[in-house]
Amino acid sequence: MKSRLLYIFGLTLVLCSCGTNKFLSSSVPSSEIRQLDYFEPLAYIQLIEKGNRPKLSDSLSTITRQTLDSILETKASKLNLNDKISIENDTLKAQIENELGNLTQMIFEKNNLEGIVLPPVLDSILESRNQRFAMASIATGFGRKKGNYGGQVAKGIGVGILTLGMYVPTPVKSNMTLYTYIFDSERNEVAFYRRMLTNKEKEPTDPEFMEQQLISTFNGYFYEKQ
């Protein structure tokens, strides 16, 4: 399933790379979101090794996830965050990951939130907590094994890092993209979605860059540009 999720996130990354990072939102005003719980963040970080082949790195993914989790806790007040939703059941975790992947694909295809229904597992978790709004965040990205980048630039070739083989003409050293969602269980819909993609080559484990992306996510929604 993780390979499929990487494909979905990579597809939106490559096909939207020339687009903007503008957010999508429902008709619910942001001022109505007064209590916002948040799911423990997810991260899928790949390491580019010999032959320019991407491989999911558990260690890099864990570092990125823990860093993002720490930033969410530190910036909870600014982001209107309340309690963290931690899921211990592995089967339930897998279902949530699958629903988030499907949501991302649907939003990419429609380029709006109209008619996109909140998936059943996510909806049931919020209802069980009597929680109307909740946020989820996913970091995807890649880094390169030491010595890999220079050789690839010299050759002038590259492969789609996050798309399991889709061609990209110029190799990139490293990058991170942040996906953020706010769910509305009362209206059974996605209230907010934003994909923060940058053209800067930043390490996916860089906490300063990660915090910058997270704060920028809600520019124009919760607050004016920071």
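Residues numbered from 1 in each chain as written. Predicted model: local features only at pLDDT ≥ 70, side-chain atom pairs only at ≥ 80, totals over all residues. Heavy atoms only, no water.

On to the pairing of strand β7 (residues 175-184). Of all ten residues in β7, ten are buried, a share of seventy percent or more. Because side chains alternate across β7, one face comprises the buried residues N175, T177, Y179, Y181 and F183, and the other comprises M176, L178, T180, I182 and D184, equally buried. Relative to strand β8 (residues 189-196), β7 runs antiparallel, the two being bridged by seven bridges. Bridge pairing in β8 links Y179 to R195. What sits between β7 and β8 in their antiparallel hairpin is a turn of four residues, with N188 showing a positive phi close to 55°. (Buried < 20%, exposed > 50% of the residue type's maximum accessible area, 1.4 Å probe, protein only. Helix = DSSP H or I, 4+ residues; strand = E, 2+ residues; numbered from the N terminus. Pairing = 2+ DSSP bridges.)

Any two side chains of opposite charge can pair, on the condition that their charged atoms come close. For the coordinates displayed, the defined rule picks out nine salt bridges. Note that E73 and K84 form a salt bridge whose closest N and O atoms lie 3.4 Å from each other. With E73 in helix α2 (residues 58-74) and K84 in strand β5 (residues 81-85), the pair connects residues that are eleven residues apart, well separated along the chain. For E73, a relative accessible area of 47% puts it in the partly exposed group. One salt bridge in this structure joins D184 and R132, with 2.9 Å as the shortest N-O distance. Of this pair, D184 sits in strand β7 while R132 sits in the loop between α4 (120-128) and β6 (133-144); the two residues are 52 residues apart in sequence, bridging distant segments of the chain. A relative accessible area of 0% means that D184 is categorised as buried. (Salt bridge = Lys/Arg side-chain N within 4 Å of Asp/Glu carboxyl O.)

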